[in-house]
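What the coordinates show
So the chains spell out like this:
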Amino acid sequence: MPAPLPVFLRLLLLFKLVAPVTFRHHRYDELVRALYKVHNQCPDITRVYSIGRSAKGRLLYVLELSDYPGSHEPLEPEVKYVGNMHGNEVLGRELLLQLSEFLCEEFRSRNPRVLRLIQDTRIHILPSMNPDGYEVAAAQGPDMSGYLIGRNNANGVDLNRNFPDLNTYFYYNEKYGGPNHHLPLPDNWKSQVEPETRAVIQWMNAFNFILSANLHGGAVVANYPYDKSLEHRFQNPHRTSESLTPDDKLFKKLARVYSYAHGWMHQGWNCGDYFPDGITNGASWYSLSKGMQDFNYLHTNCFEITLELSCNKFPREEELEREWLGNREALIQFLEQVHQGIKGVVLDDNYNNLPGAVISVTGINHDVTSGEDGDYFRLLLPGTYTVTATAPGFNPETVSVTVGPAEPTLVNFQLKRITDQVYPVRRVPGGGPRSRGKVLSRTPKRKDTATKRQHRGPA
Ligand SMILES: [Zn+2]
């Protein structure tokens, strides 16, 4: 019969069992439990939902954080984080669990910055887009020898090469004319993509996401679109040429916000490679087709960047705390970036919301559209812009608007049904509380849940 454990050892074991084991890797069941744990700790500001199933049938869980979970509030932007798309790149998965727990705890302790973030933003966190690949990688553990083991999904497909290729279509339109946004999916797209990709595309179409980051590993750099190079014929095997979006300045800023708020990404030298400011255009690093960030930009209103967060794709548990501390501020600051530029509501002459109205900014060949509540969000750097709202059957309306460095400027549109051909230009001064109050008074932000549209997301 074994001797009873000394009292101090029993206490230690008890403590280990009940205390939150924070910095460790989470297998699938543990990840699900961790998400529900956050939900149970913060039931008023969270919701757990699934966007579909992996090839092996694992549910793809999302944790939502919002002051009205389950509802889209007009003028409140939707943002998302996606982790572990490559099953063996596991840091993002653990960082997103940490972030979920951190936001919940700080909200409970009334941290004013987190209160504001959750009150003004609807945050969706998908810690693992590839849970099947993760289980293969995790079975090997941090010391695995195969660099690519678990990268792909259970059907052996790299999910970041699996989205419909809309770049070719856009490059053609840029040259010969055609839509510069919301490029349509191919008719047979569902049969061409993996279950995880299909779930994510349906998720993107169910919510009007505005800002997003896709968390990877294997390098330390913030990578912005396009990933796909235009000039395949002249590719240098090491560095291809840049492939820039019409929103290049904005994307560079978004990437820099992350790299400079990150503990060491901005220093440039990491993992034996050098990226000035810790950022890179995707195609200038290496060109890839059918990636997720290009797809976000070309098919939806969402601006996504790809974050490479660790040299080691599967870091040891001892490294997780340092990584969290190095990324925490950057993960928060990046979410806060959704509150810049302009936003507003597009109405018709009878004050009905106009979903699907197109918002164009002169000089930037990439439009955005209003969501189901007629609200739109157009991320812009500080400056003065000419902005036009159009909708079929209505006269367009053009305004001049100044965007300041903080807070989005509210610009509402009221479009008149086509009866005359006069397009008045009105000036909207930027930033001033008077103008904001005046514009807002026409469409007060609705907080009553009774009138709210319920958003449950695809099952
Ligand atoms: Zn990756």
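Residues numbered from 1 in each chain as written. Predicted model: local features only at pLDDT ≥ 70, side-chain atom pairs only at ≥ 80, totals over all residues. Heavy atoms only, no water.

An unreviewed UniProt entry annotates the protein as Carboxypeptidase N catalytic chain originating from Jaculus jaculus. You can read under Catalytic activity (unreviewed entry) in the UniProt record for the protein the words "Release of a C-terminal basic amino acid, preferentially lysine." Per its UniProt entry, the protein bears the Cofactor (unreviewed entry) comment "Zn(2+)". (UniProt positions renumbered as here; feature names shortened; annotations may be inferred.)

**Section: the overall build of the protein**
The helix and strand inventory of the protein stands at 13 helices and 19 strands. Taken across its 459 residues, the protein has 57% of its residues classed as buried. For the protein, the exposed area adds up to about 19,800 Å²; of that, 54% sits on carbon and sulfur atoms. (Helix = DSSP H or I, 4+ residues; strand = E, 2+ residues; numbered from the N terminus. Buried < 20%, exposed > 50% of the residue type's maximum accessible area, 1.4 Å probe, protein only. Areas by Shrake-Rupley, 256 points an atom, 1.4 Å probe, with all protein chains shown as cover.)

**Re the coordination of the zinc ion**
Looking at the zinc ion, one finds its protein donor set to be His86 (ND1), Glu89 (OE), Glu89 (OE) and His216 (ND1), positioned 2.0 to 2.7 Å from the metal centre. With four donor atoms in place around the zinc ion and angles of 54 to 148° between them, the coordination shape is irregular. Each donor residue of the zinc ion lies on one chain, and together they are spaced H-x2-E-x126-H. Pair noted here: His86 is in the loop between strand E3 (78-83) and helix H3 (91-108) and His216 is in strand E5 (residues 209-216), with a separation of 130 residues, a long-range link. For His86, a relative accessible area of 3% gives the class buried. The buried category is assigned to His216, whose relative accessible area is 3%. (Donors = N, O, S within 2.8 Å, 3.2 Å for Na, K, Ca; no water. Tetrahedral: all angles 85-135°; square planar, octahedral: opposite > 155°, others 65-115°.)

**Concerning the pairing of strand E10 (residues 303-310)**
Extensive coverage of E10 is indicated by the burial of eight of its eight residues. Pairing of E5 with E10 involves six bridges; the strand directions are parallel. When the bridges of E10 are listed, Ser212 appears paired with Glu304. Taken together, the five bridges between strand E6 (residues 219-224) and E10 define a ladder with antiparallel strand orientation. Within E10, the residue paired with Ala222 across the bridge is Leu307. (Pairing = 2+ DSSP bridges.)

**Concerning the nonpolar core**
Core analysis: the largest hydrophobic core is formed by 89 residues, its most contacted members being Leu103 and Trp203. Ranked by residue count, the leading element in this core is H3, at nine residues. Core analysis: the second largest hydrophobic core is formed by 21 residues, Leu354, Ile359, Val399 and Leu415 among them. (Core = buried A, V, L, I, M, F, W, Y, C linked by side-chain atoms within 4.5 Å.)

**What about the state of the cysteines?**
Overall, the coordinates contain two disulfides when judged by the stated rule. A disulfide bridge connects Cys42 with Cys104, and the sulfur atoms are separated by 2.0 Å. Measuring handedness by torsion sign, the sulfur bridge of Cys42 and Cys104 sits at about 90° and is right-handed. Taken together, the residues Cys42 in the loop between helix H2 (28-41) and strand E1 (46-53) and Cys104 in helix H3 connect sequence positions 62 residues apart. The burial state of Cys42 is the same as that of Cys104; both residues are buried. Taken in sequence order, the bonded cysteines of the protein link in the pattern 1-2, 3-4. (Disulfide = S-S within 2.5 Å.)

**Description of the pattern of salt bridges**
Taken as a whole and assessed by the stated rule, the structure comprises 21 salt bridges. Between Glu78 and Arg122 there is a salt bridge; the shortest N-O distance is 2.8 Å. A residue pair is termed long-range when its members are at least 10 positions apart, and Glu78 in strand E3 and Arg122 in strand E4 (residues 122-126) qualify at 44 residues. Considered together, Glu78 and Arg122 belong to a single accessibility category, that of buried residues. Residues Lys80 and Glu304 are paired through a salt bridge, measuring 3.3 Å at the closest nitrogen-oxygen approach. Of this pair, Lys80 sits in strand E3 while Glu304 sits in strand E10, and the two are 224 residues apart along the sequence. Comparing Lys80 with Glu304, the two get one shared label, buried. Residues participating in the shared-partner salt-bridge network are Glu89, Arg151, Asp158, Arg161 and Lys313. (Salt bridge = Lys/Arg side-chain N within 4 Å of Asp/Glu carboxyl O.)

**A few points about the side chain of Thr245**
With respect to the element layout, Thr245 can be found in the loop between E6 and helix H9 (248-261). Residue Thr245 is classed as buried on the basis of its relative accessible area of 5%.

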